[in-house]
Amino acid sequence: MGKQLSTPTAILLGSAMIAAAVYLGLRHGPAAVAPDARSTAGAAPPVEAGPGASAAPAERAGAPAPPSAKAVPRDEVARQAALALDAHRPALISRCYKPVIAAKPEPRAVKYVFNITFDAAGRQIARGLIEDQETARPEVTACLVAALPPVAIPAPGANVRVDVPFSLP
């Protein structure tokens, strides 16, 4: 019978093989990944290039827009984002806040901070939500995340991430 490897040796060899595969796989840059359906909602469907057509326009479509010479200041973007969130406040109060408050009245206010990233055209490309622990209401937070659609602002001219305080009621 042949010689067998001990368990620690087998783990070490397996780890080395995985590390080598990851290293070699990442050396060539990120793989082409299909765009997320949520981020392309409302966008025109991709057009297949015919034989002999260049794929360069399709590759550039996902590239970020070049920064504008007159980008909007971050505090102005935050102000515009706060106005966009405030436009949804009445619907969020009636859908998410009032049912929970009726069942359990304290704490009355719930406080959040939205982390929103907008692209150069003013469309939301990422959003996070930080809940204040002293006023936490998980039911309201879950509803808020589900009910709030992506927000948009006037084009800032560059990708911008802002933190926007938000509270209910």
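This one's a predicted model, so the numbers in the text were calculated from it and none came from an experiment.

Quick notes on the rules
Going along each chain's sequence as written, the residues are numbered from 1 onward. Confidence filtering applies because this is a predicted model: local features only for residues at pLDDT of at least 70, side-chain atom pairs given and counted only at 80 or more, and all residues used for totals across whole chains, interfaces and linings. Remark: hydrogens and water are excluded; side-chain values derive from all non-hydrogen atoms of the structure. Secondary structure is summarised from DSSP: a helix means a run of H or I of at least four residues, a strand means a run of E of at least two, and numbering begins at the N terminus for each. Here's how the labels work: a residue is buried when its accessible area is under 20% of the maximum for its type, exposed when over 50%, partly exposed in between, all with a 1.4 Å probe on protein chains only. Contacts: residue pairs with any heavy atoms within 4.5 Å of one another. Here the accessible surface of atoms and residues is derived via Shrake-Rupley with a 1.4 Å probe, and residues count as covered only by protein chains that are part of the display. Note that the arc is defined by the directions from the helix axis to the C-beta atoms. A pair of Phe, Tyr and Trp rings is counted when the ring centres sit within 6.5 Å of each other, with Trp represented by its six-membered ring. The angle between the planes then sorts it: under 30 degrees is stacked, over 60 is edge-to-face, the rest tilted. Pairs of cysteine sulfur atoms within 2.5 Å are identified as disulfides in what follows.

(A) Representation of the overall build of the protein chain. When helices and strands are counted, the protein chain shows 4 helices and 3 strands. Listing the helices and strands of the protein chain from first to last along the sequence gives α-α-α-β-β-α-β. Considering the protein chain as a whole, with its 169 residues, one finds that 24% of them fall into the buried category. For the protein chain, the share of sequence-separated contacts (at least 6 apart) that also reach a separation of at least 24 residues comes to 75%. Accessible surface, the protein chain as shown: approximately 12,000 Å² in total, 63% of it carbon and sulfur.

(B) Examining helix α4 (residues 138-147) more closely. When we look at burial in α4, the residues that qualify are Val140, Thr141, Cys143, Leu144 and Ala147. All buried residues of α4 project into a common sector of 165 degrees when viewed along the axis, lining one side. Along α4, the residues that are exposed and aim more than 90 degrees away from the buried face are Pro138, Val145 and Ala146. On its buried face, α4 is in contact with α3 (74-103), β1 (110-118), β2 (124-131) and β3 (160-168).

(C) Molecular detail of the packing of aromatic side chains. Taken as a whole, this structure holds 1 aromatic pair when the rule is applied. Between Phe114 and Phe166 the ring centres are 5.6 Å apart and the planes differ by 70 degrees, which places this aromatic pair in the edge-to-face class. Placement of Phe114 in strand β1 and of Phe166 in strand β3 is noted, with a sequence separation of 52 residues between them. This pair shows no difference in class: Phe114 is buried, exactly as Phe166 is.

(D) Region of interest: the environment of Pro156. Considering the arrangement of structural elements, one finds Pro156 in the loop between α4 and β3. As for Pro156 and Ala120, which are separated by 36 residues in sequence, their C-alpha atoms are 5.5 Å apart. With residues up to four places along the chain from it excluded, the contact list for Pro156 reads Lys70, Ala71, Val72, Val77, Asp119, Ala120, Ala121 and Gly122.

(E) Expanded view of the state of the cysteines. Under the defined criterion, the tally for this structure stands at 1 disulfide. Each sulfur in the disulfide pair Cys96 and Cys143 lies 2.0 Å from the other. For the disulfide bridge between Cys96 and Cys143, the dihedral angle about the S-S bond is near -70 degrees, and by the sign convention the bridge is left-handed. A residue pair is termed long-range when its members are at least 10 positions apart, and Cys96 in helix α3 and Cys143 in helix α4 qualify at 47 residues.

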